[in-house]
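If you want the building blocks of each chain, they are given just below.
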Amino acid sequence: MKNGYPHFMMKEIHEQPEAMKNTILPRISKGLPDFSDDKIPDEIFKDCNQIHIVACGTAMHTGMVARALMEPILRIPVTVTIASEFRYEQPLIDEHTLVLVISQSGETIDTLAALRLAHEYGSKTLAIVNVKGSTIARESDYVLYTHAGPEIAVASTKAYSVQLAALYMIGCRMALVRGKFTEKQAMDFLSDLLDVIPAMETMIAQEQMIKGVVSHIIQSLDAFFIGRGLDYAFSLEGALKLKEISYIHAEAYAAGELKHGTIALISDQVPVIAIATQEHVFSKTISNIREVKARGAFVILLTKEGSVVDDNLADIRIRIPDVDDRFTVFPIAVVLQLIAYYASLGKNLDVDQPRNLAKSVTVE
Ligand code: M6R
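Computed from a predicted structure; not experimentally measured.

(A) Structural detail: helix H2 (residues 16-24). Within the span of H2, buried status applies to Gln 16, Pro 17, Ala 19, Met 20, Thr 23 and Ile 24. Looking straight down H2, one finds that the buried residues subtend no more than 160° of arc, so they occupy a single side. Buried residues along H2 sit against helix H1 (8-14), strand E1 (28-29), helix H8 (158-177), helix H9 (183-204) and helix H13 (329-346).

(B) The arrangement of helix H4 (residues 57-74) in detail. Across its 18 residues, H4 extends 25 Å between first and last C-alpha, which sits within 8% of the 26 Å expected from 1.5 Å per residue. For H4, the principal kink sits at Ala 66 and spans about 25°. Three or more residues of H4 are buried, namely Thr 58, Ala 59, Met 60, His 61, Thr 62, Gly 63, Val 65, Ala 66, Leu 69, Met 70, Ile 73 and Leu 74. Phi turns positive, to about 55°, at Arg 75, one or two residues after H4.

(C) Structural context of the packing of H8 against H13. Running from N to C, H8 and H13 point in directions that differ by 165°, and their axes come no closer than 10 Å. For the element pair H8 / H13, the angle class is roughly antiparallel. In the packing of H8 onto H13, the handedness of the crossing is right-handed. Across the interface between the two elements, Tyr 160, Ser 161, Leu 164, Ala 165 and Tyr 168 from H8 touch Val 329, Phe 330, Ala 333 and Gln 337 from H13. When its residues are assigned to classes, the contact of H8 with H13 shows 7 nonpolar, 2 polar and no charged.

(D) Up close: the nonpolar core. Counting residues in each nonpolar core, the largest one holds 100 residues, and the members touching the most others are Phe 45, Tyr 168 and Phe 330. In terms of residues, this core owes the most to one element, H8, which gives 14 residues. When neighbours within four sequence positions are excluded, Phe 45 is seen to be in contact with Phe 35, Ile 40, Leu 98, Leu 126, Ile 170, Arg 173, Met 174, Val 177 and Arg 178. Within the second largest apolar cluster, 21 residues are counted, among which are Phe 224, Ile 266, Val 292 and Val 299.

(E) Quick look at the sheet that holds strand E8 (residues 222-227). Overall, parallel pairing links the 5 strands, which are arranged E9-E8-E10-E11-E12 in an open sheet. The open sheet has two edge strands, strand E9 (249-254) and strand E12 (316-320), and neither has a second partner. For this sheet, the mean angle separating the axes of adjacent strands, direction not counted, is 20°. Lying over the sheet, helix H11 (residues 230-246) contacts E8, E9 and strand E10 (272-276), oriented at roughly 175° with respect to E9.

(F) Spotlight on the sheet that holds strand E7 (residues 142-145). Ordered in space as E4-E3-E5-E6-E7, the 5 strands form an open sheet in which the pairing is parallel. Two strands lie at the open edges of the sheet, namely strand E4 (78-82) and E7, each paired on one side alone. Within the sheet, the average angular offset between the axes of one strand and its neighbour, ignoring direction, is 20°. Pairing of strand E5 (residues 97-103) with strand E6 (residues 124-129) involves 6 bridges; the strand directions are parallel. By the bridge assignment for E6, Leu 100 is matched with Leu 126. On top of the sheet, H4 reaches strand E3 (50-55), E4 and E5; it is set at about 170° to E4, its chief contact.

(G) Region of interest: unusual backbone geometry. In this structure, Lys 39 is a non-glycine residue whose phi angle is positive, near 60°. In the Ramachandran plot, Asn 348 falls in the positive-phi region, its phi being about 60° despite a non-glycine side chain.

(H) Spatial organisation of the pattern of salt bridges. By the definition in use, this model includes 18 salt bridges. In this structure, Glu 15 and Lys 11 form a salt bridge, with 2.9 Å as the shortest nitrogen-oxygen distance. Note on Glu 15: relative accessible area 21%, which makes it partly exposed. We note a salt bridge from Asp 42 to Arg 173, for which the minimum N-O separation is 2.6 Å. You can see Asp 42 sitting in the loop between strand E2 (32-33) and helix H3 (43-46) and its partner Arg 173 sitting in helix H8, a full 131 residues away along the chain. Residue Arg 173 is classed as buried on the basis of its relative accessible area, which comes to 15%. Within this structure, Lys 11, Glu 15 and Lys 158 form a network of salt bridges that share partners.

About the criteria used
Residues numbered from 1 in each chain as written. Predicted model: local features only at pLDDT ≥ 70, side-chain atom pairs only at ≥ 80, totals over all residues. Heavy atoms only, no water. Buried < 20%, exposed > 50% of the residue type's maximum accessible area, 1.4 Å probe, protein only. Helix = DSSP H or I, 4+ residues; strand = E, 2+ residues; numbered from the N terminus. Arc of directions from axis to C-beta. Contact = heavy atoms within 4.5 Å. Expected span 1.5 Å × (residues − 1). Bend = angle between axes of the 7 residues up to and from the residue. Axes fitted to C-alpha atoms, helices over the stretch in contact; angles between N-to-C directions. Parallel < 35°, antiparallel > 145°, perpendicular 65-115°, else oblique. Left-handed = near helix turned anticlockwise from the far one by under 90°. Nonpolar A, V, L, I, M, F, W, Y, C, P; charged D, E, K, R; others polar. Core = buried A, V, L, I, M, F, W, Y, C linked by side-chain atoms within 4.5 Å. Pairing = 2+ DSSP bridges. Salt bridge = Lys/Arg side-chain N within 4 Å of Asp/Glu carboxyl O.

This is the structure in structure tokens:
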């Protein structure tokens, strides 16, 4: 079952490039995103004036990435709400809202309740789901299945990547049908999306290096993940992954917000995993890294290969391939998953079945 891997999580990390291909390739026609086989009509992308994303946990974090990706391209509001909050709110959605519901299992009770509420408000719903025939898939207006295959480890890995792949394709199709992308721009965008697959393979191949890096944080009680813009959205998932399976308390923080209180927690006992892959805020994030370094933090910096930084900025630097800024989440996700995996392993914990957690949360 584990195909020779010690844990399902490691197997699933390794399966990501294949899962990405399985999710993306059947939906490319003449170089453009095409959902006709999924029976998703372009009207739902054209007719909406806002997008509302609802999901839980890791799936919700893909929504945070999608928001940061899509709003600048589509120029319509993209809101992300945790499903367990959404279901008890009076959301500002209507028949002109496209509600994207994201769930690996398709059975998460809060996400299902959010889907039903969206229907009560008359919104069109499109679910991104991994498990065929699941309740959310059956009840939503339209479904875009991710093709990750079964995900067994409680900590979600390959489902995160393919949910993102699906969201990137939706963003691309929407931009095309709404006149925000030319065909050439949409083709280039998809080509950039395909380029992340070898970039993910490159990072998977560096697992032993990442194992070595993790030895520096394994004794810590707390850790911070910082970044700006898309990098902040990636940080959320890095922190969740580390908490979930290594039981190290981890917080993701928008780097520029640290000095409004939280920097008081930074000391030489608190490692900081800093993500700086976004050119337009790169120098700003670097300044924030200097601030935490000056307070003694052990800094692990994640940047693109080609980024230029001072040698003494970070204690350790992990370089990802130079993919376009909008796509760095894919190789970064592999690094964050491996950090969590080796932290859990190094602490002799149950990697695949962390305490207090179930794979599918079907009760409130
Ligand atoms: O099956 P779902 O995608 O709806 O599950 C949502 C969350 O429970 C799930 O992503 C959870 O946060 C993961 N265990 C995190 O690794």
